[in-house]
Amino acid sequence: MKRTLTILAIGASLMSGIATPAHAAAELSLARIDCGTPQPPTAVNERFSDTYAYGDKKLQFVFSCYLIKHGDDYMLWDTGHAMTAPNVAPKESVVDNLAKINVKPDQIKYVGISHYHADHTGQIASFPKATLLIGAKEWEAISAPTPAQGVNAKPFEGWIKGENKVEPQPIDKDVFGDGSVIFLRTPGHTPGHSSLLVKLAEKGPVILTGDAVHFRENYESDGVPMFNFDRAQTVASIQRIKKLAETFKATVIIPHDARDVEKLPVFPAFAK
Ligand SMILES: [Zn+2]
């Protein structure tokens, strides 16, 4: 009996040998930071559905940034509205929020950006020491000699000039090299849009969709907003997220949907 167990144990360790790093897995946690001031509920039928699927439905939008702690490293995912944005500016900056947990801007190792719109990129200039992780096509649009309308290039000046570090991602990226945080290619809303998979140990994996979807009904019905860059890519990306959610039994969190805020504890608390 003992011998059988030993053989089984050797077999199991051989099979898991590739996936298990020699050192203990880094502790991973995730928090949501409020990154804009919500406006009155928005009628979604006209702009947020190219098939006019939502009748007279009105939804409450919010603006979200996320902080990931991996071992001693911090990663920020999206940077919300600028503090100078009329009406929608956050009540507190990301930097002031980080101060509540004694984290200085220079401690942020990576800033991951889902896409180039102003409500996701407004405060990135506060993190010049961070390596920027962004979809390659998104970076192309931001660093173009004359960025197109809707591309919020200004706050990226330090990265465009080459003073700060940027790593444009043509495909997915395993951010910390241990499979715990995966930068996902989910184009369609914009050409180089990305989402993020965060494999929390206690809560279970979480997918932060970015604007691959804007609200739950969008996600459930493969709905495409009128203003998206590419319809086919949007639908394909939503399907990819659904399949990933199925594979990893992941919680899908939509950063603009007020109903998804409660899926994470209130900052400065973290989900583990
Ligand atoms: Zn957007």
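Residues numbered from 1 in each chain as written. Predicted model: local features only at pLDDT ≥ 70, side-chain atom pairs only at ≥ 80, totals over all residues.

### Some words on the nonpolar core
- Core analysis: the biggest nonpolar cluster contains 54 residues, and Leu76, Val111 and Val198 have the highest contact counts within it.
- In this structure valine 198 touches Leu28, Leu30, Ile68, Val181, Pro205, Val206 and Leu208, once residues within four positions along its chain are discounted. (Core = buried A, V, L, I, M, F, W, Y, C linked by C-beta atoms within 7 Å. Buried ≥ 20, exposed ≤ 12 C-beta atoms within 10 Å, placed from the backbone. Contact = placed C-beta atoms within 7 Å.)

### Looking at the sheet that holds strand β12 (residues 205-208)
- Spatial ordering of the open sheet is given by β9-β10-β11-β12-β13, a layout of five strands whose pairing is mixed. In this open sheet, the two edge strands, each paired with only one partner strand, are β9 (173-174) and β13 (251-253).
- Packed on one face of the sheet, helix α7 (residues 231-248) meets β11 (194-199), β12 and β13 and runs near 170 degrees to β12. (Pairing = 2+ DSSP bridges. Helix = DSSP H or I, 4+ residues; strand = E, 2+ residues; numbered from the N terminus. Axes fitted to C-alpha atoms, helices over the stretch in contact; angles between N-to-C directions.)

### As for the sheet that holds strand β1 (residues 28-34)
- Taken in spatial order, the six strands of this open sheet run β1-β4-β5-β6-β7-β8, and their pairing is mixed. Bordering the open sheet on either side are β1 and β8 (166-169), each of which pairs with just one other strand. Each adjacent strand pair in this sheet contributes to an overall mean axis angle of 20 degrees, direction not counted.
- The pairing of strand β5 (residues 73-77) with strand β6 (residues 108-113) spans four bridges and is parallel. What sits directly across from tryptophan 77, in β6, is glycine 112.

### Comments concerning the confidence of the model for the chain
- Of all residues in the chain, 92% have pLDDT values of 70 or greater, and the mean over the chain is 93.
- The low-confidence segment residues 1-17 (pLDDT under 50) makes zero contacts with residues lying over four places distant or belonging to another chain. (pLDDT = per-residue confidence, 0-100.)

### Description of the environment of threonine 84
- By the element assignment, threonine 84 lies in the loop between β5 and α2 (94-99).
- For threonine 84, a count of 7 C-beta atoms within 10 Å gives the class exposed.
- Note: C-alpha distance between threonine 84 and glycine 122 (38 residues apart in sequence) is 8.8 Å.

### Quick notes on unusual backbone geometry
- For the bond running from phenylalanine 267 to proline 268, omega is 15 degrees, close enough to zero to count as cis.
- One can find proline 268 in the segment after β13.
- The phi dihedral of tyrosine 52 falls on the positive side, at around 50 degrees, and the residue is not glycine.
- Here tyrosine 52 falls in the exposed class, since 10 other C-beta atoms lie within 10 Å of it.
- In this model, asparagine 87 sits at a positive phi of 70 degrees, which is unusual for a non-glycine residue.
- You can call asparagine 87 exposed: it has 8 C-beta atoms within 10 Å.

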